[in-house]
Amino acid sequence: FIQDPANMFIVGATVAVDTFFLIGGLVTVYTFLRATEKGIKFNIFLYYIHRYIRLTPSLAIVILIHATLLKYFGNGPLWNSFDDHLIESCRKHWWAALLYIQNYVHDEQACVPQSWYLSIDMQLFILSPFVLLPLKKKPKLTLIALIVLSIAGIIVPFFIAYFEELRAFMISDKDSTQKYMFSYYEQTYGRFGAYIIGMILGYLIHKVKNGEFKVALSWLAVLSLWVICLGGLLACVYAGHDMMLAEYNKWSHSLYIAFNRPAWALAISGIIFICVTGYGGENVNLIDFTSLIAIVSGPINAFLSAPIFQFLSKISYSIYLVHYSLIFVRVASYKTEFTIEHFYM
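All values derive from a computational prediction rather than experimental measurement. (Residues numbered from 1 in each chain as written. Predicted model: local features only at pLDDT ≥ 70, side-chain atom pairs only at ≥ 80, totals over all residues. Heavy atoms only, no water.)

Trainee: Tell me what's going on with the UniProt feature "transmembrane region" (unreviewed entry) in the chain, and back it up with residues and numbers.
Mentor: Taking the numbering used here, the UniProt-annotated feature "transmembrane region" (unreviewed entry) corresponds to residues 6-32, 52-73, 142-163, 188-205, 217-241, 261-279 and 286-309. Helix makes up 78% of residues 6-32 and strand 0%, with an end-to-end C-alpha separation of 41 Å. With 100% helix and 0% strand, residues 142-163 has its two end C-alpha atoms placed 31 Å apart. (UniProt positions renumbered as here; feature names shortened; annotations may be inferred. Helix = DSSP H or I, 4+ residues; strand = E, 2+ residues; numbered from the N terminus.)

Structure, rendered in structure tokens:
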């Protein structure tokens, strides 16, 4: 399966998670600046409580289902592996999941495995006032600090990968994959880079919306930015295929881990910024050569702004909470051999 470069669409798809980290940082900064602009006082207690109440009830219900009812959802020769993977982990570590610390408090398997993301996101949210409050009083110095932090978001993963001798992809033997997950993939200190880039983007978008920061780009600059962003996204997903198949090299794998996710976050940031500043189709003069840009960017902006996403965004958290268990129930219920095919994967 991994011999085919086209299947990097599956193997390299984990960068999609960094889109959510990016948006998390963006929304945190943007909503804070909008609120302070309206004269709303920052209450750190309510800030934390609101976040916890918004996320936790749904998570708690899923944890309860995992620990009690999930074992009755199917059966089959693979079903015994189901207990250790999804059921016992929630019976042992439910409290760590509800405290959003289980990326540091678990053994082989976390309760609701995909909720490692929630732990990191909550931890970054708890730390965010250390950025938000200075950003209000001394924005220039804070912005410099954020740029330094975003660089640290490249350096730290590099050293983790280098000294732990991590492979750049999850597809490996069990021990290597587990070390990859525990040392880097599920750790806040390994994944904060995209969140910081999102914070910087949130600040810039706020300035653009307020008219404090004017953006005037030529058609060549806009077209170049689109090519760089879209090309960057494709490169982040597909460029590591040869390295994955070649003999392990500590430097190449460490550099890939260091740069791939921040590069993805920057490319997504570029697309968001183009659309927000009006270069996604609205501010393009169709009379001259810039009609070429309109042909490219108009449909992209229209798609990303489609009203259907407002509905999907409201249910995406619930989908996220149950998707892993649904996949696992399906796999563990098979009673005959199955073939790894593209659609199945």
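Trainee: Give me the lowdown on the confidence of the model for the chain, citing residues and values where you can.
Mentor: Averaged over all residues, the pLDDT of the chain equals 88, while 94% of them reach at least 70. Confidence drops under a pLDDT of 50 for residues 282-289, and excluding neighbours within four residues, the segment shows twelve contacts in the predicted structure. (pLDDT = per-residue confidence, 0-100. Contact = heavy atoms within 4.5 Å.)

Trainee: Explain the pattern of salt bridges residue by residue, including any values.
Mentor: Tallied over the full model, the rule gives six salt bridges. Close ionic contact of aspartate 121 with arginine 51 constitutes a salt bridge, the shortest N to O distance being 2.2 Å. Of this pair, aspartate 121 sits in helix α5 (residues 116-127) while arginine 51 is found in helix α3 (residues 44-68), placing the two residues 70 residues apart along the sequence. The burial state of aspartate 121 is the same as that of arginine 51; both residues are buried. Two residues, glutamate 88 and arginine 91, come together in a salt bridge whose shortest N-O distance is 3.3 Å. (Salt bridge = Lys/Arg side-chain N within 4 Å of Asp/Glu carboxyl O. Buried < 20%, exposed > 50% of the residue type's maximum accessible area, 1.4 Å probe, protein only.)

Trainee: Can you break down the layout of surface pockets residue by residue, with the values?
Mentor: Think of a ball as big as a water molecule: rolled over the atoms, this probe shows where empty space is left. Of the voids in this model, the second largest pocket is the one considered here, and its volume is about 220 Å³. Ser150, Ile154, Ile197, Ile200, Leu201, Leu204, Pro262, Leu266, Ser269, Gly270 and Phe273 together form the lining of the second largest pocket. Of all the secondary-structure elements, those providing two or more residues to the lining of the second largest pocket are α7 (139-164), α10 (193-210) and α13 (250-276). A total of five residues in the lining of the second largest pocket trace back to one element, the largest contributor, which is α13. Across the lining of the second largest pocket, the residue classes tally to eight nonpolar, three polar and no charged. (1 Å grid on protein atoms, 1.4 Å probe; cavity = no way out; pocket = protein on both sides within 12 Å on 5 of 7 lines; lining within 4 Å. Points joined across faces, edges and corners; volume = space filled by probe spheres on them. Nonpolar A, V, L, I, M, F, W, Y, C, P; charged D, E, K, R; others polar.)

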